Amino acid sequence: MKKFALILFALVLFNCNSNAQSGKKEEEVFKVSKTDAEWKAQLTDNEYYVLRKAGTERAFSSKLNKEYGEGTYICAACNTPLFKGKNKFDSGTGWPSFDREIKGNVDFSVDYNLGHARTEEHCATCGGHLGHVFNDGPSKTTGKRHCINGVAVKFIPKENE
């Protein structure tokens, strides 16, 4: 009888499934919303893959990785200002990295796509996937490393702002 009770308890325990465990997210409504077809028509294949499908571009493939001019990095999908050039640093990872975002323009969530929790970053205006935030950034500033797909942003030099 004890074995039966133990097996029954184990089945109940492992079959409990909340919304958080199922990986299903409620659809968030953003200020800029488009159909999948509209996003595909507006974005390049790589931009669509990263921004709308939460993909990752190849390391060291972005020309913005070594851009260190003064200016602003904006969302490639909706032009929302996301990061300031003065907060960019060379993390050596192969992706543009920043120690902070422009407050209010970036949203955060948790993803488990690699089997463990990571803080994912999205454009707060259109929901486009930008990258992830890690706690291994410059200790003299925020300690954060916003690891951003270069294809998800565009750089606007200060003189053009």
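Right above here is the structure, for reference.
This structure is a prediction, so every number in the text was calculated from the model and none was measured.

1. Some remarks on the overall build of the protein chain
Of the regular secondary structure elements, the protein chain holds four helices and nine strands. In sequence order, the protein chain lays out its α and β elements as α-α-α-α-β-β-β-β-β-β-β-β-β. Counting over 161 residues, the protein chain shows a buried share of 40%. Sequence-distant contacts in the protein chain: of pairs separated by 6 or more residues, those separated by 24 or more amount to 54%. Accessible area for the protein chain stands at about 10300 Å²; split by element, carbon and sulfur atoms hold 55% of it.

2. Topic: the pattern of salt bridges
Applying the stated criterion across every chain yields a total of seven salt bridges. Residue K66 pairs with D90 through a salt bridge whose shortest N-O separation is 3.0 Å. Pair noted here: K66 is in the loop between α4 (45-53) and β1 (71-75) and D90 is in the loop between β3 (88-89) and β4 (97-98), with a separation of 24 residues, a long-range link. Residues R100 and D99 are paired through a salt bridge, measuring 3.0 Å at the closest nitrogen-oxygen approach. You can call D99 buried: its relative accessible area is 6%.

3. Considerations on unusual backbone geometry
The phi torsion at A54 lies on the positive side, around 60°, for a residue other than glycine. With respect to the helices, strands and loops of the structure, A54 is situated in the loop between α4 and β1. In this structure, N79 is a non-glycine residue whose phi angle is positive, near 70°. Its location among the elements puts N79 in the loop between β1 and β2 (81-84).

The rules behind these values
Residues numbered from 1 in each chain as written. Predicted model: local features only at pLDDT ≥ 70, side-chain atom pairs only at ≥ 80, totals over all residues. Heavy atoms only, no water. Helix = DSSP H or I, 4+ residues; strand = E, 2+ residues; numbered from the N terminus. Buried < 20%, exposed > 50% of the residue type's maximum accessible area, 1.4 Å probe, protein only. Contact = heavy atoms within 4.5 Å. Areas by Shrake-Rupley, 256 points an atom, 1.4 Å probe, with all protein chains shown as cover. Salt bridge = Lys/Arg side-chain N within 4 Å of Asp/Glu carboxyl O.

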